[in-house]
Amino acid sequence: MFNRIVTADAFKAHTCFLWGPRQSGKSTLLRRLFPRAPYYDLLRAAEFRRLHAEPGLLRQECDALGWTRASQPEPIVVDEIQKLPELLDEIHDIVSRSGLRFVLTGSSPRKILRGGGNLLGGRAVRRQLFPLVSAEIGDFDLERARAHGLLPPHYLADEPEELLTAYVGNYLRDEIMAEGVARNLPAFQRFLEVAALRNGQVVNFTNIAREVGIAANTVRAWFELLVDTLVGDWVPAWQKRAKRRVVESPRFWFFDVGLMNELTRRGPLRAGTPAFGEAFEHFVFMELRAHASYRAGNRPICYWRTTSGFEVDFVLGDAEFAIEVKSTDAPSAQHMHGLRAFGEEHPRCQRLLVCRVQRARRTDDGIDVLPVATFLPRLWKGDYGSA
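Within each chain, residue numbers correspond to sequence positions counted from 1 in written order. Two thresholds apply to this predicted model, a pLDDT of at least 70 for residue-level local features and 80 or more for giving and counting side-chain atom pairs, whereas whole-chain, interface and lining totals are computed over all residues. Calculation of side-chain values draws on the structure's entire complement of heavy atoms; hydrogens and water are dropped beforehand.

### Some words on the pattern of salt bridges
The salt bridge definition used is simple: a Lys or Arg side-chain nitrogen within 4 Å of an Asp or Glu carboxyl oxygen. All chains considered together, the criterion is met by 24 salt bridges. Residue R50 pairs with E61 through a salt bridge whose shortest N-O separation is 2.5 Å. Of this pair, R50 sits in helix 2 (residues 45–53) while E61 sits in helix 3 (residues 56–64), and the two are eleven residues apart along the sequence. For every residue, the accessible area (1.4 Å probe, protein chains only) is compared with the maximum for its type, and the residue is labelled buried under 20%, exposed over 50%, or partly exposed between those bounds. Residue classification places R50 among the partly exposed residues on the basis of a relative accessible area of 30%. With relative accessibility at 27%, the residue E61 sits in the partly exposed group. Ionic pairing is found between R146 and E143, a salt bridge with its closest N-O pair at 2.3 Å. Placement of the pair is R146 and E143 together in helix 6 (residues 142–148), with a separation of three residues, close to one helical turn. One network of salt bridges, in which partners are shared, links R190, E193, R198, E211 and R265. Comment: elements are numbered from the N terminus, with helices defined as DSSP H or I runs of at least four residues and strands as E runs of at least two.

Take a look at the structure:
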């Protein structure tokens with residue numbers, strides 16, 4: 001149904017870990033790309049029990065295939081590898097002896113790393129699958145994406161509210177309680193709500209700690225837990241060649257706008273409201289983050305903010321592009337103050353204001369004012385820095 005940007009070519013040369021948030025479509029993608037691959041699904045109770053009791057069965061069954069590296073038609077897929085990290089020792093041995101390729105999926109490497117698990121000693125590369133992006137959806141509906149989020153089941157649902165509630169509940173139960181936070185689960189739930197209300201903002205650990213009623217170092221650790229379980233990511237401040245004093249603290253973004261709707265209880269998103277603008281900016285960040293991974297060699301994404309109040313939402317790469325995102329359909333000079341100030345420090349930077357205007361235009365000083373419907377296809381076509 002969705003034409004995912006990640007293709008079989010991403011897995012043809014090496015054994016790979018494919019990490020991605022729950023329900024981002026990892027299993028569906030691999031079954032479509034490799035319909036004849038030997039497939040080990042560790043979410044299936046019988047498969048899990050069989051390999052848990054005797055991990056060496058995997059090695060024996062791979063040997064029985066009779067494949068060599070040169071003759072292997074498709075990779076061997078092990079789905080949800082973090083459920084059974086012991087298998088990684090067997091996989092390491094198989095890869096070392098025969099060179100067979102594996103694709104190993106999971107929602108997070110954290111459990112493996114915490115247990116001292118084997119990440120194959122440099123013999124595997126990392127791939128990541130994000131929620132859907134606009135280029136993967138035929139007849140893409142921006143309003144639906146903002147309201148539902150872009151995890152495939154949620155985007156497709158007519159009424160995603162119950163699915164989103166269940167998603168948060170399952171995450172807390174399966175990921176957080178497994179991390180030993182069970183005794184502090186009410187505080188963690190409160191932290192999650194407070195962190196969501198600051199989505200896309202500069203993070204102040206002390207302020208959040210005071211509001212939740214926990215220590216600042218606990219807040220820091222819990223943010224890192226969100227990163228490790230792929231629920232969010234840091235966006236650092238741009239600090240190179242600064243002529244003005246800049247804010248240096250990072251911002252934190254959750255991985256999906258639908259998740260934010262659930263955690264912040266936004267309700268219907270109406271144009272002109274702060275919630276609408278926050279969701280609009282968050283959606284653009286999701287597109288930029290996925291593009292950086294899929295097409296731009298994990299090009300850095302930063303933000304820029306001076307202590308005097310100038311701000312640019314996203315700075316890409318080595319300041320090749322500066323992007324301000326506004327949900328307005330009538331941008332004014334005030335909306336471009338940050339871009340103009342950044343352009344004074346980085347005159348070669350291409351500056352873009354992504355908003356809800358009807359037609360693209362270029363200001364006299366070279367700022368491209370783009371409808372979001374124009375920006376998105378240009379982004380995925382490579383106009384803004386594909387590798």
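From this point, the narrative continues.
### Looking at the nonpolar core
By size, the foremost hydrophobic cluster in this structure holds 53 residues, and its most contacted members are F11, L288, F314, I323 and F375. Looking at this core, the element that brings in the most residues is helix 13 (residues 274–294), giving ten residues. Setting aside its immediate chain neighbours within four residues, F11 contacts V6, C16, L18, L30, L33, F34, R101, V103 and R127. Take the buried residues of types Ala, Val, Leu, Ile, Met, Phe, Trp, Tyr and Cys, join any two whose side-chain atoms come within 4.5 Å, and each joined set is a nonpolar core. The next biggest cluster of nonpolar side chains, apart from the first, holds 34 residues, and it includes I176, A187, F205 and V212. The contact criterion used is simple: two residues touch if any of their non-hydrogen atoms lie within 4.5 Å.

### Quick look at the pairing of strand 11 (residues 350–355)
Among the six residues that make up strand 11, five are buried, leaving the element largely enclosed by the rest of the structure. Strand pairing follows a simple DSSP-based rule, namely that at least 2 bridges must link the two strands. Of the strand pairs in this sheet, strand 10 (residues 321–325) and strand 11 are connected by five bridges, and their pairing is parallel. The residue of strand 11 that forms the bridge with A322 is R351. For the handedness criterion, the strands are oriented away from the viewer, and a crossover whose path from the first strand over the helix to the second runs clockwise is classed as right-handed. Read as a crossover between parallel neighbours, the route from strand 10 over helix 14 (residues 337–345) to strand 11 is right-handed.

### Describing helix 12 (residues 257–264)
Within helix 12, seven of the eight residues are buried, which leaves the element mostly enclosed by the surrounding structure. Residues of helix 12 that are buried include every one of V257, G258, L259, M260, N261, L263 and T264, and no others. Buried-residue contacts for helix 12 involve helix 6, helix 8 (161–176), helix 9 (185–197), strand 7 (251–254) and helix 13. Polar contact is the term for a pair of N or O atoms within 3.5 Å; when the atoms are in protein, one must be able to donate a hydrogen and the other to accept it, and sequence-neighboring residues count only if both atoms are side-chain atoms. The N-terminus of helix 12 is capped by D256, whose side-chain oxygen sits 3.1 Å from the backbone nitrogen of G258. R265 sits one or two positions beyond helix 12 and adopts a positive phi of about 55°.

### A short note on the environment of I208
Looking at where I208 falls in the secondary structure, it is placed in helix 10 (residues 205–212). Using a relative accessible area of 1% as the deciding quantity, one classes I208 as buried. Sequence separation of I208 and A195 is 13 residues, and the distance between their C-alpha atoms is 7.6 Å. Not counting chain neighbours up to four residues away, the residues in contact with I208 comprise F191, V194, R198, V203, V219 and F223.

### A short note on the sheet that holds strand 12 (residues 361–362)
The six strands are arranged 8-9-10-11-13-12 in an open sheet whose pairing can be described as mixed. Single-partner strands in this sheet number two, and they are strand 8 (301–305) and strand 12. Two elements, strand 9 (residues 311–316) and strand 10, share three bridges in a ladder whose sense is antiparallel. Pairing of F314 across the sheet is with I323, part of strand 10. Lying over the sheet, helix 15 (residues 372–381) contacts strand 10, strand 11 and strand 13 (367–371), oriented at roughly 105° with respect to strand 13. To obtain each axis, a line is fitted to C-alpha atoms, and for helices this fit is confined to the stretch in contact; angles are then taken between N-to-C directions over 0 to 180 degrees.

### Overview of empty space enclosed by the protein
Put simply, the grid is 1 Å and covers the protein atoms alone, a cavity is a trapped set of points that fit a 1.4 Å probe, a pocket is an open set with protein on both sides within 12 Å along at least five of seven lines, and lining residues have an atom within 4 Å of a point. Grid points are joined across faces, edges and corners, and a volume is the space filled by probe spheres set on the points. Tallying each qualifying case throughout the model produces two cavities of 30 Å³ or more. Here the largest cavity defines a volume of roughly 60 Å³. Along the walls of the largest cavity sit P21, R22, S107, Y167, Y171, E175, T229 and V231, which together make up its complete lining. Residue polarity follows a fixed list, in which Ala, Val, Leu, Ile, Met, Phe, Trp, Tyr, Cys and Pro are nonpolar, Asp, Glu, Lys and Arg are charged, and the others, Gly among them, are polar. Partitioning the lining of the largest cavity into residue classes produces four nonpolar, two polar and two charged. The volume enclosed by the second largest cavity comes to roughly 40 Å³.

### Focus: the environment of A37
With respect to the secondary-structure elements, A37 resides in the loop between helix 1 (26–33) and strand 2 (39–41). In the structure, A37 is positioned 20 residues away from L57 in sequence and 17 Å away in space, judged by C-alpha atoms. Those residues in contact with A37, other than ones at most four positions away along the chain, are E74, P75 and V77.

### A few points about the packing of helix 13 against helix 15
Direction vectors running N to C along helix 13 and helix 15 enclose 10°, while the axes themselves pass 11 Å from each other. Judged on the interaxial angle alone, helix 15 and helix 13 are roughly parallel. Residue-level inspection shows F280, F283, V284, E287, L288, A290, H291 and Y294 of helix 13 in contact with helix 15, the latter providing V372, F375, L376, L379 and W380. Residue composition of the contact of helix 13 with helix 15, grouped by class: eleven nonpolar, one polar and one charged. Note that the term roughly parallel is reserved for angles under 35 degrees, roughly antiparallel for angles over 145, roughly perpendicular for angles of 65 to 115, and oblique for everything else.

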